[in-house]
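# Topology and contacts: notes
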Amino acid sequence: MNNTKNLLRGILVSALFRAGIANADYTLNMPVGVTKISREVHDLHMMVIWICFGIGLVVFGVMFYSFYHHRKSRGAVAATFHENGAVEILWTLIPFIILISMAVPATRTMMDLDDTRYAELTIKVTGYQWKWRYDYIDEGFGFMSQLDANSNAARQLGSDVDPRSVENYLLNVDHPLVIPVNKKVRFLFTAADVLHSWWVPELGWKKDTVPGFINESWTLVDRPGTYRGQCAELCGRDHGFMPIVVIAKSQEDYSKWLAAQKAAIRANEASADKTWTKDELIAKGEEVYKANCASCHQAGGEGIPGTFPAIKGSAVATGALQQHIDLVLNGKGAMMPSFAAMLSATDLAAVITYQRNAFGNDAGDFVQPSQIAPLVKAPADDEDEVE
Amino acid sequence: MTSAATTHDDHHDHGPETGWMRWVTTTNHKDIGTMYLVFALAMLFVGGCMILAVRAELFEPGLQFVDPGFFNSMTTMHALVMVFGAVMPAYAGLANWMIPMMIGAPDMALPRMNNMSFWVLVFAVLLLASTLFMEGGAPAAGWTLYPPLVLQSGDNLPFAVFSVHLLGISSILASINIIVTVLNMRAPGMTLMKMPLFCWTWLITAFLLIAVLPVFAAAVTMLLTDAHFGTSFFDAAGGGDPVLYQHLFWFFGHPEVYIIILPAFGVISTIVPTFSRKRLFGYSSMVYATGSIAFLSLIVWAHHQFTVGMPLAGELYFMYATMLIAVPTGVKVFNWTATMWRGSLSFETPMLFSVGFIILFTLGGFTGLMLATAPADFQYHDSYFVVAHFHYTLVVGGTFPVFAAVYYWLPKWTGHLYDEKLGQLHFWLTAIAFNITFMPQHFLGLAGMPRRIPDYAIQFADFNMISSIGAFILGFSQLIFAYVVYQAIKGGEKASAEVWENASKMGLEWTVPSPAPYHTFTRAPEIE
Ligand SMILES: [Cu+2]
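What you see as residue numbers is a count from 1 along each chain, following the sequence as written. The lettering of chains begins at A and the numbering of ligands begins at 1, in the order of writing. Two thresholds apply to this predicted model, a pLDDT of at least 70 for residue-level local features and 80 or more for giving and counting side-chain atom pairs, whereas whole-chain, interface and lining totals are computed over all residues. Values shown for side chains rest on all heavy atoms present in the structure; no hydrogens or waters enter the calculation.

### Examining the overall build of chain A
By definition, any uninterrupted DSSP run of H or I lasting at least four residues is a helix, any uninterrupted run of E lasting at least two residues is a strand, and each is numbered from the N terminus. Along its length, chain A carries twelve helices and ten strands. The cut-offs for exposure are 20% and 50% of the maximum accessible area for each residue type, with area from a 1.4 Å probe on protein chains only; residues under the lower value are buried, those over the upper are exposed, and the others partly exposed. Here chain A holds 387 residues, and the buried ones make up 48% of them. Residue contacts are defined here by distance: any two heavy atoms, one from each residue, within 4.5 Å place the two residues in contact. Contacts spanning at least 24 positions in sequence make up 65% of the contacts within chain A whose residues lie at least 6 apart. What sets the accessible areas is the Shrake-Rupley method with a 1.4 Å probe; for residues, cover comes only from the shown protein chains. If you sum the accessible surface of chain A, you get close to 17,600 Å²; carbon and sulfur atoms cover 57% of it.

The following block contains the structure:
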C-alpha cells in the first residue's frame, strides 16, 4: 500500500508539474481574495485543511504501520482483542473537541458575513437566463451585463475560433459591474426566471438569486482591480456562459464612471425620440438579436425544435405587428422572459423590426422607438431620479 | 418463523425453473439478488457512457461535441442512473443474496413482493431512459430537479416524476421486506446484537428509505401539479417558494447519501475482519454509530443550501449539526483501523477494495468537514470542489464496497474462484484512475470553476484534461470486472465451502456449500 501512495503522489506531482509548465495561470488553492471576509474564509479553509491533515497523519500512519507490520506474510499472528471501552470513549470525545475548535471561528465569520448593516451603497443584482442586471438603487440607473462578443463567438459548437486566442475566454462581459473601493456595498439579489447564483471567488462568497425573493450580502473591496466570476447555480442551457466581472475603482474614478453612465442614459433616451429609418433599425436590431435572442432562437432564427420555437417563418413574426410587440414586451410561459425591463425602447423597436424582416420573414413593416417607449414602464420610474 | 420453515419444506428440493421464465417469475432471493446485481452492472455502464460524453466535451475548452442542452441532460441522467439504477440496486442485490444466508433464513420474508420490487425498478428506469428519445430531450435540470428550471422541461417532466414514484415504490417494498426478514426470520439464538453488521446497516437503511422516500415523491408530485395543474407550490407569483422544494428534496437527498453509504459500512465491517483474521473491533459501538449517523442524516439537510439565503440561526444550526456527523463516522474508521491493528493481514481483492474504500472515503470525509464549515461553503458551494467531494464519498462508497462484496462472495455464489490477478489489476486501475479523475477537481473548484458547465475558462484547461483522461481509464477498467465475473460464472477452480481462511467463523454463509444451494437453511441453524 505504501507503494500505491507513492505511485499516486508521483502521478499527481507530475500532473501538477505539467500543468505548471503549460499554463502559469492555474491555481491549486482558494484565492485569498480582496476583502476582509474573503481572507477570513480563506483562513478558515486553511485551518480545517491543517486539522484534517493532522488527523489524516495519525489515522493513516497507524493504518499503514499495520499494513506493513501486521501482515500474514510477515508471520503476524492475529491478536484476539475486540473492544476497549476507554479507547472508544476517547476517540469519540477527541473529535468532538476538535469540532468545537473549528465551530468557534466559523461562527464568528458567519456572523460577519451575515451583517449587511451600515452599507454606503446598494446594488440590486437580478439573474436572467443568461445574463445579469445591475441596478444602482441609490443612483437610479441600471444595465444588463452579459458574455462578451468574442467569447460568445468562440464558444459556439463547431466555431473555428480557438478559445485560447480569446482574452479572458468565458470570463468577460460587455458591461462590467463597477464599485468603489473601501466602501461597504450591499447587494440585493433576485432573479427574473430561474435560480442563479452570483459568485466572485475574490470577494469570498456566492449568493443564490431566487425569483420572487430578495437575498442580501455585502462586500468591502480594499484593492482596485478586476475580479471575475460566474453563475454557480445551474440555470439551463447557457448556465456556463453568464460570467460576472466586477471592477473596483478608486472613489474618484468611480465618480467619473458614474457621470459617464448617466450621460449615456440621457443620450439613449434622446435616441428614442428621433425617427429611425427601417434600415437603421434592422442594422441595430441584428446586434440586439445576437446579444439577446440568438442563444435560444439561434442565429438563423430556426430555434431548437421542442425547446425554443423558431422565429423564421413564425406566425408571430410574420403576422400582426402589435401581437409581436406584446410577445416581446411581456414574455410568454416559463421560457420567454419579458424584455420590457431588459432592453431600451430603441433596442426593442430595432429587434422587433429585425425579426420581421430577417431570416426570409417578409412582414415588411417596422416600428419606431417612440411607439415602444410609452409601453415600457420599468425602469422609467428609476430614470426620473437621474434628472 | 416456523410457518416460513414449513412452507418451504414442502418443496425444498426443487431447483430453479428452466428457461427465461425462471427470471420473470422467480421468488427466490438468490435469483432476485442476481438480477439486481446484473441490472446494476448494466446501469453502471449506461451511466458511465453518459459521463464519458461529458468528460469528452470537457477534455478541452470550447464546445467540440455536444450542445449545452444535451450536456445538461447527460449530467442529470448520469446522476439519476448511477444513484437509482446502479448503486441502490447493487446494495439491494447484496441484501437479497446475503441477508437470508447471514441470518440463517430460507429466503426473504415476502418473496412475491421481492419479485415485484425488482421488476418495478426495471420499469421505472426504462421510463426514465425513454425521455432520452423525446423531442426536447431528457431532463436537464440536474438530478436535484430544482424548480423553476425543471418546470421549463418539456414532455420529459411527467415521465421523470412518474419514474421517481416507481423507484420509490420499488425501494419501499424492498425496505419493508428487509425489515420484516431481519426482525422475524433470524435463526434461533441469533439475537439482534449478534447479527452480522451488514444486516444491521441494511435494517437501519431500510427505515431511512421508508422515512424519506415519501417526501421526495411528494416534492416531485408538487412539481408535476405546478407544471400541469396550475398550482404554485414553488412559484412566488402564486404565493409559493422555489426554496421550499430544496428543503423537501434535501430532506430526502441528504439521507439518500447515507442510504448508499450505510450498507457500504456493513460490507466493509464484514470483509475487514476476515482478511485481518480477527474479530471486528467495537461491534456494539459500530451499531450505535450507524444508528447515530442515520438519525443525524435526517436533521442536517439544509447544509446543501447554505447560500440560498437562510437566517443566521439556520446557517449556524445546520453547520453544527453537520459537523457532529464526523463523530460517529470517525468511530467507524477508528474501529476498522483497530480491527486491522495486530491482525494477520492479507490483501486479496476484496480486502484491497475495502482498504481503498477506508482511505479514499476518509479523504471524502475530510472535504465533507470543510464543506460543513458554513462560511467556507460560500466559496465551495456549487463548484467542482463539491463534485470532487461527493465522488470521493459516493463513487468510493457506492462502488468500492460493492466490488469488494462481489469478489468476496463470488466464490460462494458461483462455486468457482475468480481470477485473483485480474481482480487485483481491476483494483489498482480503478483506484489510480479514480484519483486521476477526481483529485484535480478539488483544485478546479477552489480556483473557481462552477459545476455543471459544458465549457470553461482557459486556466481550468489542464486539470480538466487530466480529469478526462482519468475518467476514460476508470470507465474502461470496469470491463475487467465484467470479464472476471463472467469468467467465474462460466467455470474455474472449484471453491470450498469456506473459501477464505477461517471464514466459517465469520458468518453463516460460509457454512453452506459453494455454490450455495438454491434453497439454503430450510431448517434453521443453531447459533451458539
Ligand atoms: Cu445562471
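### Looking at the domain arrangement of chain A
All names here are of chain A. Either an automatic procedure or a domain database provided the assignment from which the domain bounds are taken. Split into domains, chain A comes out as domain 1 (36–74 + 83–113), domain 2 (118–269) and domain 3 (275–385). Each of domain 2 and domain 3 has a C-alpha centre, and these two points are 24 Å apart. Each partner contributes residues to the interface: domain 2 has 15 residues there, and domain 3 has 18 residues. Summed over both partners, the accessible area lost on bringing two parts together, with a 1.4 Å probe, is the buried area. Note on domain 2 versus domain 3: buried area summed over both sides is about 1,200 Å², and carbon and sulfur give 45% of it. Definition of a polar contact: a pair of N or O atoms within 3.5 Å, with one able to donate and the other able to accept a hydrogen when the atoms are protein atoms, and with sequence-neighbouring residues admitted only if both atoms are side-chain atoms. Between the two partners, domain 2 and domain 3, sit one residue pair in polar contact (both at pLDDT 80 or more). Those elements giving two or more residues to the side of domain 2 that touches domain 3 turn out to be β2 (131–136) and α5 (251–273). Taken together, the residues of the side of domain 2 that touches domain 3 break down into four nonpolar, five polar and six charged. Note on residue categories: nonpolar means Ala, Val, Leu, Ile, Met, Phe, Trp, Tyr, Cys or Pro, charged means Asp, Glu, Lys or Arg, and polar means any other residue, Gly included.

### As for the environment of Ala313 of chain B
Positionally, Ala313 of chain B belongs in helix α10 (residues 312–324). Placed 60 residues apart in sequence, Ala313 of chain B and Thr373 of chain B show a C-alpha to C-alpha distance of 14 Å.

### A closer look at the interface of chain B and chain A
With 108 residues of chain B at the interface, the matching set in chain A holds 105 residues. Buried area between chain B and chain A, both sides added, is near 9,200 Å², and the carbon and sulfur share of it is 70%. Among the residues chain B hides against chain A, the three largest losses belong to Gln152, Phe378 and Gln379 of chain B. Together they make up 8% of the total. A salt bridge links Asp67 of chain B to Arg237 of chain A; the nearest nitrogen and oxygen atoms lie 2.6 Å apart. Our count for the chain B to chain A interface comes out at 24 residue pairs in polar contact (both at pLDDT 80 or more). Here the residues of the side of chain B that touches chain A are counted per class, giving 65 nonpolar, 28 polar and 15 charged. Salt bridges are identified by distance alone: a Lys or Arg side-chain nitrogen within 4 Å of an Asp or Glu carboxyl oxygen.

### Concerning the sheet that holds strand β6 (residues 196–200) of chain A
The pairing of strands in a sheet comes from backbone hydrogen bonds and takes either a parallel or an antiparallel form. Residue and element names in this part refer to chain A. At least two bridges found by DSSP between two strands are what make those strands a pair. Pairing within the open sheet is mixed, and its five strands lie in the order β4-β10-β9-β6-β7. Either end of the sheet is taken by a strand with one partner, and the two such strands are β4 (177–180) and β7 (205–209). Along the sheet, successive strands turn relative to each other by an average axial angle of 25 degrees, direction set aside. In the sheet, β4 pairs with strand β10 (residues 243–249) via four bridges, with the strands oriented parallel. Of the residues in β10, the one forming a bridge with Pro180 is Lys249. For helices, the fitted axis covers only the stretch in contact; all axes are lines through C-alpha atoms, and the angles between them, taken along N-to-C directions, range from 0 to 180 degrees.

### Section: the sheet that holds strand β3 (residues 141–145) of chain A
Residue and element names in this part refer to chain A. The strand order across the open sheet formed by five strands is β3-β2-β1-β5-β8, and the pairing between neighbours is mixed. With one partner strand each, in any of the chains shown, β3 and β8 (215–219) form the two edges of the open sheet. Each strand of the sheet is rotated relative to its neighbour by a mean of 25 degrees, with strand direction disregarded. In this structure, strand β5 (residues 185–191) lies alongside β8, joined through five bridges in antiparallel fashion.

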